[in-house]
Amino acid sequence: MKTRLQRLLPLAGAALLYGVILLLMATKVLPRSYQQMLPTICTYIIMAVSLNLVVGFLGDLSLGHAAFYAVGAYVGGMILRYLTAIPFGVRVIVAIAAAAAVAFVIGGAFLYFVRKLHGDYLAIVTLAFGEFVRSIVKIIPGTGGSAGLTDIPTIAAGAFPIKYIKAFSWSYVIMVISIFLIVNLIRSRHGRAIMAVRDNSIAAASVGINVSRCRIVTFAIAALFAGIAGVLYAANTAAVNPADFDYNVSIEVLVMVVLGGMGNIGGSIIATIILVALPKVLLDAAQYRLLIYAIALIAMMMLNANPRFTAFKRRVSEKTSKFVKSLGRGRD
Amino acid sequence: MAMLETKNLGISFGGLRAVDEFNLTVERGQLYGLIGPNGAGKTTVFNLLTGVYAPTTGGFFLEGKSLAGKTPLEINRCGIARTFQNIRLFKEMSVIDNVKVGLHNAANYSIFDGLFMLPRYAREEKELQTRARELLDVFGLDGERDYLASNLPYGKQRKLEIARALATSPKLLLLDEPAAGMNPQETAELMETICFVRDHFDMTILLIEHDMKLVSGICEQVTVLNFGTTLAQGQTAEVLADPRVVRAYLGE
Ligand SMILES: Nc1ncnc2c1ncn2[C@@H]1O[C@H](COP(=O)(O)OP(=O)(O)OP(=O)(O)O)[C@@H](O)[C@H]1O
Ligand SMILES: [Mg+2]
């Protein structure tokens, strides 16, 4: 069992990484187009890690994660846009808190109503829910309807590279906090209950786990983080449109989770970075992005089915965990 | 008051009367056997007692409290824990985490405590770790605590299921064929462990088993089921010598 101090170690790593990226940005070693991409990566990482909570740890298939992303983007976007009486810094915090709370409630309420559904049936309902949220948003006053919400005050102001450094910095901080909290959840008794429900819900109930409640809370928490990602999106792009949240987004995020490995947080992060960055890297090939996804997905599936590859992966992860353990030895 | 009492417990699946007029009294601290040929309805009795199925007739009582119609979750919280004939471990979780899931309700810290690793989380997790290791120790599994549950050999998986059930601090423990798939040596060890659990945890145990050596070795009383009805009931040695029981097992 890792001590609390050891669990804080990755935060130090994250701070170090932040410093390195900042240096690359300030010195313009990292080209403009890549600097621009960083907030998107942070946003998508929160989406992928939170969806992994549902798909990888709880074992329920969700095809509607974008619904909660949309909820967060609109709630946050509208607060930033309309509550101009509040100082901007405070407004950002209010926007995040409100988006998180609304997404949490909607995510929990959604699963409460469909808690009897599992597997494919649940997947279809989540897909429908995503589209439902998108169309509801259009008729709510103040959202800008089909044209979308524009002129959202953005954090990213100033000249290059200051503008991108600002956008990246707050996105990064929120991403790190989100991942940290999700990892902590998984390592708690509630996280074990979530995985128990995934592995065998009958046995989980037989040892006193409230399976329905566990699923509802997990969906709510995953929605909460998707809502926070939505605020990042709204505040970084300054405009949100219902078209930004169609089911393709849910599928894209799901692909990141599947590629990175179900129940593997680090995998989700790496897969997200690759999938967001890849189209930029292969700039001209951007129109083939979905094709690349498909090929990558099939390749990974085939690789994962290969016993030699899985053995290799296990060896690597054992080595890494040994290394991490050796880092923590002698402390605390 | 008896630990467990069933009154005319019965259930039908469509036209099939899987369990009929099932009456049983298990006293506190007893080691009680439930035996019978394949398909006799033994597992169905366990499923009734743990709320997997709701009885179509009759009821049952734990220390006088009626539990019929309650959900598996409620019944576990009232004090009945079980193992499964077809092992149901949390396969992708470590051995110790399987036990810790059983200890879920032994801790009180909130999601919030866990999210921010607050002192209460740290303190209670430490306690859980100690308690889980103590339980694993009883079953000789402490050395394998970081293995994935699915990587344990079959016999140890059965033991882990018992440890997990015990982790919920039940009053009554139901074991569905705990020795299935074990060799004679493992079975002998298991018999000792079951007796140890009964004495050490002051447990009442009702177990289903086909291995007559185990049943005659540790069960004080047995009930024999056949085609859903009770064929015989009483002291183990007498019941096993009953010609009707022998006939039910060997066929006419
Ligand atoms: N859910 C169900 N639906 C329909 N029939 C069922 C159901 N569960 C059990 N049965 C039937 O009830 C009967 C008793 O089954 P049960 O599993 O209780 O037997 P058992 O005594 O545990 O047998 P074994 O020793 O093989 O484990 C069998 O005929 C079985 O097919
Ligand atoms: Mg059975």
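Note that the structure is predicted; figures quoted are calculated from it, not measured.

*Asks:* Now, about helix 6 (residues 154–167) of chain B: what can you tell me, with residues and values included?
*Replies:* Taking 1.5 Å as the rise per residue, helix 6 of chain B with 14 residues should run 20 Å; its terminal C-alpha atoms sit 20 Å apart, in good agreement. Within helix 6 of chain B, twelve of the 14 residues are buried, which leaves the element mostly enclosed by the surrounding structure. B:Gly155, B:Gln157, B:Arg158, B:Lys159, B:Leu160, B:Glu161, B:Ile162, B:Ala163, B:Arg164, B:Ala165, B:Leu166 and B:Ala167 are the residues of helix 6 of chain B that are buried. Those residues of helix 6 of chain B that are buried are in contact with helix 8 (201–206) of chain A together with strand 6 (80–82), helix 3 (95–102), helix 5 (119–138), strand 7 (172–176) and helix 7 (184–200) of chain B. After helix 6 of chain B finishes, the residue B:Ser169 shows a positive phi value of roughly 50°.

*Asks:* I'd like a description of the site of ligand 1, backed by residues and values.
*Replies:* Residue and element names in this part refer to chain B. Near ligand 1 you find 14 residues, and of these Lys42, Thr43, Thr44, Gln85 and His210 are the closest. Residue Ala40 places a main-chain N or O atom 3.2 Å away from an oxygen atom belonging to ligand 1. Here an oxygen atom of ligand 1 sits 2.5 Å away from a polar atom, N or O, in the side chain of Thr44. Burial of ligand 1 by the protein amounts to 64% of the accessible area it has alone, namely 630 Å². Those elements giving two or more residues to the shell around ligand 1 turn out to be strand 2 (16–26) and helix 1 (42–49). Within the shell around ligand 1, the residues separate by chemical class into five nonpolar, seven polar and two charged.

*Asks:* I'd like a rundown of the interface of chain B and chain A, residues and numbers included.
*Replies:* Contact residues are listed per partner, giving 37 residues for chain B and 30 residues for chain A. When chain B packs against chain A, close to 3,000 Å² is buried across both sides, 64% of that on carbon and sulfur atoms. Taken together, chain B and chain A are joined by one salt bridge. Among the ionic pairs, A:Arg192 bridges to B:Glu125, the shortest N-O distance being 2.9 Å. Where chain B meets chain A, there are 13 residue pairs in polar contact (both at pLDDT 80 or more). Of all the secondary-structure elements, those providing two or more residues to the side of chain B that touches chain A are helix 2 (72–78), helix 3, helix 4 (111–115) and helix 5 of chain B.

*Asks:* So what about the coordination of the magnesium ion (ligand 2)? Which residues, and what values?
*Replies:* Donor atoms from the polypeptide that coordinate the magnesium ion (ligand 2) comprise B:Thr43 (OG1) and B:Gln85 (OE1), at 1.9 to 2.1 Å from the metal. Pair noted here: B:Thr43 is in helix 1 and B:Gln85 is in the loop between strand 6 and helix 3, with a separation of 42 residues, a long-range link.

Parameters at a glance
Residues numbered from 1 in each chain as written. Chains lettered and ligands numbered in written order. Predicted model: local features only at pLDDT ≥ 70, side-chain atom pairs only at ≥ 80, totals over all residues. Heavy atoms only, no water. Helix = DSSP H or I, 4+ residues; strand = E, 2+ residues; numbered from the N terminus. Expected span 1.5 Å × (residues − 1). Buried < 20%, exposed > 50% of the residue type's maximum accessible area, 1.4 Å probe, protein only. Contact = heavy atoms within 4.5 Å. Near = heavy atom within 4 Å. Polar contact = N/O pair within 3.5 Å; in protein donor to acceptor, adjacent residues only side chain to side chain. Areas by Shrake-Rupley, 256 points an atom, 1.4 Å probe, with all protein chains shown as cover. Nonpolar A, V, L, I, M, F, W, Y, C, P; charged D, E, K, R; others polar. Buried area = accessible area lost by both parts, 1.4 Å probe. Salt bridge = Lys/Arg side-chain N within 4 Å of Asp/Glu carboxyl O. Donors = N, O, S within 2.8 Å, 3.2 Å for Na, K, Ca; no water.

Don't take any of this as a statement about function, it's just geometry.
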